[in-house]
Amino acid sequence: NAICNPLLYNTIMNKRTCVILIVGSWLIASINSLIHTILTFMLPFCGSNAIDSFFCDMPPLLKLACTDTLVNQIVIFVTGSCIIAGPFMLTVFSYVQIISTIVSIRSSSRKKKAFSTCTSHITAVVIFYVPSICIYFRPKSNQAMIQDKMATVICAVITPLL
């Protein structure tokens, strides 16, 4: 709403709204981390303790468990659906609206300027979300390890670099 009404931005995005957004983000992240931590502590681990990834993430960590990790995988899928796929779909929906508005602009120079602005944003969104979705929502196999590592590098390095 604040983006659609730029003159009302300071009224809509006041200190209270910012605090609610920050606290909400921290609360969701903390609850998500707590759930995964509790479920991980319930797993028995045996053998090697070397995680075959660039950082300690849930899918590579679950491969070290000596038992069935179906519950953990279901929780990853459910929380990932809320934390990754939900915001991604909202972002896609907003960009569809933005692009449909841009298409209706009559001036070709204004249309080009608007598309050039949106292109960098859409690129960053795709580079962040698509690898994340591939990591958490694809069925696991041994061949997927290299692809997961590449997706991890894209999410962790390339997106912030851009």
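Residues numbered from 1 in each chain as written. Predicted model: local features only at pLDDT ≥ 70, side-chain atom pairs only at ≥ 80, totals over all residues. Heavy atoms only, no water.

**What about the UniProt feature "transmembrane region" (unreviewed entry) in the protein?**
For step 1, the next point in the chain: Per the UniProt entry, the sites bearing "transmembrane region" (unreviewed entry) are residues 18-39, 70-93 and 114-138 in this numbering.
For step 2, the next point in the chain: Each end of residues 18-39 is marked by a C-alpha atom, and these two atoms are 32 Å apart; helix forms 100% of the span and strand 0%. (UniProt positions renumbered as here; feature names shortened; annotations may be inferred. Helix = DSSP H or I, 4+ residues; strand = E, 2+ residues; numbered from the N terminus.)

**A closer look at the nonpolar core**
For step 1, the next point in the chain: By size, the foremost hydrophobic cluster in this structure holds seven residues: L43, M58, L61, L62, L64, A65 and I76.
For step 2, the next point in the chain: Ranked by residue count, the leading element in this core is helix α3 (residues 58-62), at three residues.
For step 3, the next point in the chain: Ignoring any residue separated from it by four or fewer positions in sequence, one finds L64 in contact with F45, C46, S48, N49, A50 and I51.
For step 4, the next point in the chain: With five residues, the next largest nonpolar core counts F88, Y95, V125 and Y129 among its residues. (Core = buried A, V, L, I, M, F, W, Y, C linked by side-chain atoms within 4.5 Å. Buried < 20%, exposed > 50% of the residue type's maximum accessible area, 1.4 Å probe, protein only. Contact = heavy atoms within 4.5 Å.)

**Concerning helix α4 (residues 70-103)**
For step 1, the next point in the chain: Spanning 34 residues, α4 covers 46 Å between terminal C-alpha atoms, matching the ideal 50 Å at 1.5 Å per step.
For step 2, the next point in the chain: Turning to α4, its buried residues are N72, V75, I76, T79, G80, I84, F88, T91, Y95 and I102. (Expected span 1.5 Å × (residues − 1).)

**Things to note about the packing of aromatic side chains**
For step 1, the next point in the chain: Inspection of every chain in the model, using the stated rule, returns two aromatic pairs.
For step 2, the next point in the chain: Relative to Y129, the ring of F88 lies with its centre 5.2 Å away and its plane at 50°, an arrangement referred to as tilted. Taken together, the residues span a long stretch of sequence, with F88 in helix α4 and Y129 in helix α5 (residues 108-137) at a distance of 41 residues. There is no split in this pair, since F88 and Y129 are both buried.
For step 3, the next point in the chain: Measuring from centroid to centroid gives 5.1 Å for F128 and Y129, while their planes differ by 80°, and the two rings are edge-to-face.
For step 4, the next point in the chain: For Y129, a relative accessible area of 14% puts it in the buried group. (Phe/Tyr/Trp six-rings, centres within 6.5 Å; stacked < 30°, edge-to-face > 60°.)

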